[in-house]
Amino acid sequence: MCLLLVASAAPIASASGPDDSTIWGISYDWSHFEGDVLNLTGVDTDEANRDIEEAADYAGFDLEFDQLLSGSSQFFVESWDEVGSVYVNDINNTPHEVTKRTTELTIRHGNLADAGLVANWYDGDESIEVWASSTQETVVVFNATYTEYVDQNLLVYGADLQVSGFFQQIMGFDFEVGVTAANETVSPDLSSSVSLTFEIPSLYSEWRVFDPLDYHSHLTAPPDGDATGTYEQEYEMPGWVNGTFTTVTGYALSLSVAGIPTEEIGVDIDAFNVELSDSIADSGVFMEDMIVMSGADWGWDCPPVSGTESVEIDGASVQAQCGAAFPVSAGMPFMIGISMMSAFDSGVQQLGDVFIEQVESWMEEAGLSEEGDDTFTCDNGEEIPSYWVNDGEEDCSDGSDETANSDTYTCDNGEEIPAHWVNDGEEDCSDGSDEDSPVVDEKYERMAQELNDSNLEKTMEAFAEKLERLVEDNVPSEPIVDFEDSCGAVLWDTADAWVVGVVLMNDGRIMLGPSITGVKDHPIDLNVEYLTGQAARDAKSGSVEMNELEEMAPASRHNVKDLYDILGPNFLPDLDTTDTDKDGTIDFFDADDDNDGVFDWDDSEPLVSEGDSGLPGPGAIAAISMLGAAAILISRRND
Amino acid sequence: MNRPQIATVVVAAAFVLVSWSSSWFEITATGTYTEGPEREPTIRTQYIVDNSQETFELTIDNATPLLLYWINREDVSSEEEQGESEESPGEPKGEGASKQSSEPCSGSCLDWVRSAVAIAMFVFVATMCAAVARPSLVTSLGVITVWLAGAIVIVGGIPLAAAIDFGISGGEGDSDDGSATGGFDSETQDSVPADQFAHFEDDSVYGIRMNGIVFTYDSVGYDLGLLEEGDRKAVIDNPPDKGEPGYESLVRFHGELSLGPGAILSWWSLLLPLMAFAFTRKYVPNDEEE
């Protein structure tokens, strides 16, 4: 466990390739997401928010809503041939002289998302107040180094894989509602959060073949010399993958409920907090059959990109074949998939078991389970699920599953109803005597009646109608970008079978990808950055250092001021109101706390240390102690 | 009043305020499955009463094996017993109705106690003011009496009110029906009675510590609900040893429960030295006068 902790604390970094490696990647800043959606679809999300608020205003209630997204994603594929040959044994222990082809996959993704809504409706003494806030944090850190062993004809004899990664998803939801009607108020608060974590401190695996595989040849020459042909091949039993791993699968669920009228159901609890958590650490070895499927379409049509194109990388022109193929060596995704499935088998399996069995249990309780060995044999020999018996419908063709007609219940007022209607959650006797407990408490019935008599329903109808009209105005009748005119292609070097990049086209223009001679860029400028050559190498070296969410999605860039204005102090109950540069904007909302012209997320020292004494503030106990000491000292002095 | 007297009253009022806003009564329970479910899952529960609400917290660490255990175990009570248990919901209904009508404060005893504590605290500060301003034996005795009354409510009244509100007063609860096996039946959403275990043994110890009453409970047995129907008889007849079929159903549980007053008692107790200080000062001038 100690080793695991030490390993997990170590920075997850990957080696970088040589300066002449083939590299391409994509980088995106999620704070541009709304702008990009506007550019692509013509839908203005800010306008949509204003539409919602305007529709509410028109309908006669207050509603404010906003959402915020920030963070970044980076994805890089770097490949290179290592100099010099080595010997590798196949499964039959036959040595082969080979060279190493290494591919590094680097993924960094971290984003923060928040949304908030406040709505207030009232009609005379009746009112509904809603306050809701949701938050989401996502982080993905993934490094895979895949070293393939190939001979001079690019025949594959196996590969080694090293993976490290960390995936975390945290979601939180807070909801408060206050309903006042019939001189009664109900104000439940609900707060929940879910956190899921999958961590791979280390995973090493090795794939060795029975016979060498020739899938690289799919990228070096077209099938049968036909430059428009397609390769498609599944290799049968291409060897075994064995490896070692350490993983941690964790989750934490929490639910807090307060303000529900529990005393009315006989429970004397005002606030209820539940937390479930687990962290399943696992380590071991695995051995699995390898699977490889490969293919390449040389005639892939993504006009005007087709056939051989001149791709610009670092100012030089590189001849690349355009087509459809794996963007990495065909063995890599399969080896990663097999290795990770084996590594997470234990933890994920346990979580899956709990989830599946609990859902099955709920379905059985709800009578929705199609399975189960409980069957009912009809009088004519037919078999039906037992929960169909006495369900009010004749399921046996002879009707023998319904005995309720002869089995009746007599209400207190003398009415008769089918016996299976008793205690079914609905009052079927007009005096309600078929239900053990009143279905709806009288108090809530009165509240519901008052709300029903108010203008609530009309208000909601007016809101929906107005919103529909406003949204119609906001959404352009013709799409700005017609995605039906989009296509993607992979570009590879036929000499060494390395993929040099990918391109996404729309309407015959490059939307995302490298510069290609004779092909124009798309007029819509998206904030997705396609990187290749030295620019990609530089960006990758920066991203491999990032292992924490704060580095990929700095809190200082996630300015929740607008949400705070809507949601109020309940949104940030412990808000630190320090304003270091005294510019009227507290540090928490200030992008440049010390006003030195450098944004906090780029500033190694975002705060001015002068004036910071470091002394803790007096707490309540300290204050009381001081008062007590003062009382004693004053009295002694008076003596 | 002179400055020391004012300071004494201010400090007393501050202590009273802090005691009012601290926790009043706490029940903390920790249970660990030391054998059976993997990785010793631990359940922690806490029930806290304070000046405005009752809070219940449930935390389960290493929850997965425990959830699997609860989901996988089968209810092995006989049909006859099941019939009884199905009938039983009707019985307590009548009892519940009569119980509710016989409850002294209609299920809101804690609200009564809150009022009592508020009154005790207010009267304490008032009598303290009087005792400091007009020092005499009567006022001093008044302060001590109010303090004692407050202490009695804190130590006895709050737990009693909580117990009555929960309906566990008078020993009419059914918690003795094997509910402390540590097992939980996901089908009935209830604890598992001991008769679903073979070779069941349990042991409990009570003790009094500084923080209240501590109850320690240990149980061990073969959970028949984890075994196939055909394998149960063999386990009932002969407890399997480690490595033998059926041993995997062995469940060992260790639990600790402590209940006692919260921080309110500590803060309320801190008033004692303050009272002693104030009353001691009162007598000094009297001696000098003599």
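The shown structure was predicted, so the numbers you read here are calculated from the model rather than taken from an experiment. (Residues numbered from 1 in each chain as written. Chains lettered and ligands numbered in written order. Predicted model: local features only at pLDDT ≥ 70, side-chain atom pairs only at ≥ 80, totals over all residues.)

Moving on: the pairing of strand 4 (residues 126-150) of chain A. Residue and element names in this part refer to chain A. Bridge analysis of strand 3 (residues 95-123) against strand 4 gives 25 bridges, and the strand direction is antiparallel. The residue of strand 4 that forms the bridge with asparagine 111 is threonine 138. Between strand 3 and strand 4, which pair antiparallel and follow one another directly, the connecting turn spans two residues, one of which, glycine 124, has a positive phi of 65 degrees. Pairing of strand 4 with strand 5 (residues 156-181), which is carried by 24 bridges, proceeds in the antiparallel orientation. Across the sheet, residue valine 139 finds its bridge partner in strand 5, namely glutamine 168. With antiparallel pairing between neighbouring strands as the criterion, strand 4 and strand 5 make up a hairpin whose turn holds five residues, including leucine 154 at a positive phi of roughly 65 degrees. (Pairing = 2+ DSSP bridges. Helix = DSSP H or I, 4+ residues; strand = E, 2+ residues; numbered from the N terminus.)

Here we take up the confidence of the model for chain B. All names here are of chain B. Of all residues in chain B, 76% attain a pLDDT of 70 or more, and the chain-wide mean is 77. In the model, residues 169-180 has pLDDT below 50 throughout and makes 11 contacts with residues more than four positions away in sequence or in other chains. Every residue in residues 282-290 scores below 50 in pLDDT, and together they form one contact with partners more than four places removed in sequence or on other chains. Here the complex is predicted with pTM 0.76, and the ipTM for its interfaces comes to 0.72. (pLDDT = per-residue confidence, 0-100. Contact = placed C-beta atoms within 7 Å.)

Moving on: the environment of lysine 100 of chain A. Residue and element names in this part refer to chain A. Topologically, lysine 100 is positioned in strand 3. In the structure, lysine 100 is positioned 51 residues away from aspartate 151 in sequence and 8.8 Å away in space, judged by C-alpha atoms. Apart from the residues lying within four places of it in its own chain, the contact partners of lysine 100 are Glu82, Val86, Thr147 and Tyr149.

In helix packing, the relevant descriptors are the interaxial angle and the interaxial distance, both defined with respect to the helix axes. Residues and elements named next belong to chain A. In contact at an axis separation of 8 Å, helix 3 (residues 45-59) and helix 8 (residues 456-474) are set at 150 degrees when each is read in the N-to-C sense. With respect to the hand of their crossing, helix 3 and helix 8 are arranged in right-handed fashion. Residue-level contacts link Glu47, Ala48, Asp51, Ile52, Glu54, Ala55, Ala56, Tyr58 and Ala59 of helix 3 to Thr459, Ala462, Phe463, Lys466, Leu467, Leu470, Val471 and Asn474 of helix 8. Its residues assigned to classes, the contact of helix 3 with helix 8 shows 11 nonpolar, two polar and four charged. (Axes fitted to C-alpha atoms, helices over the stretch in contact; angles between N-to-C directions. Left-handed = near helix turned anticlockwise from the far one by under 90°. Nonpolar A, V, L, I, M, F, W, Y, C, P; charged D, E, K, R; others polar.)

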